[in-house]
Amino acid sequence: MQFFSTSLNQVLLMITFIIVGCLLAKTGKIVHTASKALSSLLVYICLPAVSFSTCYNNVTVENLLTQWKIIFSGAIILAVGYVVSIVLAKAFAKDDFEKNIYSYSFTIPNISYMGYPVVGAVFGDKTLFQMMMFVLPMLIFIYTKGINMLTPDKKTGFKKVILQPIFIAMILGTVFGLSGIKLPGLVSNIVETASGSMAFVAMIMTGCVISGKPIKELVTNKKAYFASVIRLIVLPLIALAVLILIKADKDIMIVAVATLAMPLGLNTVVFPEAYGGDGRPGARLAFISHTLSIITIPVVFGILSLFV
């Protein structure tokens, strides 16, 4: 019951703000193009703050020494997942940019907006911390290769990526985390406030993006449902089966399956909107997968509980 109530509350929270953003855009209270401004706010302020905060708090010498197995496991699952995602994406799209949207969606679940709150509430602080260690390779992927994949003009090469505020913030966070340097109180408050605004801004922006699409088109796209089922059920259960076969550590099994059971992320909306692309395909995938996750997360967590 806890699985269901926790995931339900989090999904309803997200969908509520998405609907608010959609209604504001449809009624003309904010213009449709506001999504561009909101995505810029995310890319240049909120996401750099999250990137810095995550690395600062988690990439420490102690954590690297004690949690290396979980971090390494996250890197392996990321690598395998990315290879699988490339194959899957070819079955869903012909256009290169849309293939990248599907590939990214199959590789990266919704970690920050959905994963952390749900896993923390269901499994507790210890598992939440282990999840943060497990997804560190994914975060590096998001802010390097992920940005490159979701930029439609193909001009976001490595040089441009490393000059992005998100990547610079990640490097600074890592340096400060490894060095053990404490941030001044004011700086900590600024980072915390900017980080805390990310989810709200992203959901309002997603609502603005989908407001330009008819509701019928949004909820009747078969590909989005198939992709969501793969993301929410197929991938986590395959991972669970493999981890059981190789007799993986139970902590690794929990964080891996719980992470992979999360819905499709919102960066497929945020990054294209920020870099001149179309965020609507990603918004459609995100909306449907988050709605379905009300049912699928409790089911997958329930199956997981039988083995751990």
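About the criteria used
- Residues numbered from 1 in each chain as written.
- Predicted model: local features only at pLDDT ≥ 70, side-chain atom pairs only at ≥ 80, totals over all residues.
- Heavy atoms only, no water.
- Helix = DSSP H or I, 4+ residues; strand = E, 2+ residues; numbered from the N terminus.
- Rg over C-alpha atoms; globule rule 2.2 N^0.38 Å.
- Buried < 20%, exposed > 50% of the residue type's maximum accessible area, 1.4 Å probe, protein only.
- Salt bridge = Lys/Arg side-chain N within 4 Å of Asp/Glu carboxyl O.
- Expected span 1.5 Å × (residues − 1).
- Bend = angle between axes of the 7 residues up to and from the residue.
- Phe/Tyr/Trp six-rings, centres within 6.5 Å; stacked < 30°, edge-to-face > 60°.
- Axes fitted to C-alpha atoms, helices over the stretch in contact; angles between N-to-C directions.
- Contact = heavy atoms within 4.5 Å.
- Nonpolar A, V, L, I, M, F, W, Y, C, P; charged D, E, K, R; others polar.
- Core = buried A, V, L, I, M, F, W, Y, C linked by side-chain atoms within 4.5 Å.
- Parallel < 35°, antiparallel > 145°, perpendicular 65-115°, else oblique.
- Left-handed = near helix turned anticlockwise from the far one by under 90°.

Novice: Break down the overall build of the protein chain for me, citing the residues and quoting the values.
Specialist: Within the protein chain, the regular secondary structure consists of 17 helices and 0 strands. At 18 Å, the protein chain has a C-alpha radius of gyration in line with the 19 Å of a compact globule built from 308 residues. Considered along the principal axes of its C-alpha atoms, the protein chain spans approximately 50 × 45 × 35 Å. Counting only residues that meet the buried cut, the protein chain has 54% of its 308 residues in that class.

Novice: Account for the pattern of salt bridges, naming residues and giving values.
Specialist: Where charged atoms of side chains with opposite charge meet at close range, the side chains can pair. A complete count under the given rule lists 1 salt bridge for this structure. With its nearest N and O atoms 3.9 Å apart, the salt bridge here joins Asp 251 to Lys 126. You can see Asp 251 sitting in helix α15 (residues 250-260) and its partner Lys 126 sitting in helix α7 (residues 125-134), a full 125 residues away along the chain. Exposure remark for Lys 126: the relative accessible area of 56% places this residue in the exposed category.

Novice: With reference to specific residues and values, describe helix α2 (residues 34-58).
Specialist: Under the 1.5 Å per step criterion, the end-to-end length of α2 is 34 Å for 25 residues, consistent within 8% with the ideal 36 Å. Of all bends in α2, the biggest is about 40°, found at Leu 42.

Novice: So, the packing of aromatic side chains: which residues are in play, and what are the values?
Specialist: Within a pair of aromatic rings, the relevant descriptors are the distance that separates the centres and the angle that separates the planes. With the rule as written, the count across this model stands at 8 aromatic pairs. Between Phe 92 and Phe 106, the ring centres sit 5.5 Å apart and the planes meet at 55°, which makes this aromatic pair tilted. On the criterion of sequence distance, the pair formed by Phe 92 in helix α4 (residues 68-92) and Phe 106 in helix α5 (residues 96-107) is long-range, its members being 14 residues apart. Assessed through its relative accessible area of 3%, Phe 106 is described here as buried.

Novice: Give a description of the packing of α4 against helix α8 (residues 136-149) that names residues and reports values.
Specialist: Helices that pack against each other are described as a pair by the angle of their axes relative to one another and the distance between those axes. For the pair α4 and α8, the least separation of the axes is 8 Å and the interaxial angle reads 35°. Residue-level contacts link Ile 71, Gly 74, Ala 75, Leu 78 and Tyr 82 of α4 to Leu 136, Pro 137, Met 138, Phe 141, Lys 145 and Met 149 of α8. Considered class by class, the residues forming the contact of α4 with α8 number 9 nonpolar, 1 polar and 1 charged.

Novice: Requested: an account of helix α6 (residues 111-123), with residues and values cited.
Specialist: One full turn of an α-helix is made of 3.6 residues, so residues set three or four places apart face in the same direction. Taking 1.5 Å of rise per residue, 13 residues should cover 18 Å, yet α6 covers just 15 Å from first to last C-alpha, more than 12% shy of that figure. Those residues of α6 lying buried are Ile 111, Tyr 113, Met 114, Gly 115, Tyr 116, Val 118, Val 119, Gly 120 and Val 122. Count one or two residues on from α6 and you reach Gly 124, which has phi positive near 100°.

Novice: How would you explain the nonpolar core if you had to name every residue and give the values?
Specialist: One finds Tyr 143 and Phe 271 to be the most contacted residues of the largest nonpolar core, which totals 93 residues. Ignoring any residue separated from it by four or fewer positions in sequence, one finds Phe 271 in contact with Val 43, Leu 47, Ile 142, Tyr 143, Gly 146, Ile 147, Leu 150 and Ile 166. Core analysis: the second largest hydrophobic core is formed by 7 residues, Ala 49, Phe 52, Ala 169 and Ala 194 among them.

Novice: Residue-level account of the packing of helix α12 (residues 198-210) against helix α17 (residues 280-305), with values.
Specialist: The geometry of α12 relative to α17 is characterised by a closest axis approach of 9 Å and an angle of 115° between their N-to-C directions. Considering the angle they form, α12 stands roughly perpendicular to α17. Here the hand of the crossing between α12 and α17 comes out left-handed. Facing α12, whose interface residues are Thr 206, Val 209 and Ile 210, α17 presents Arg 280, Ala 283 and Phe 287.

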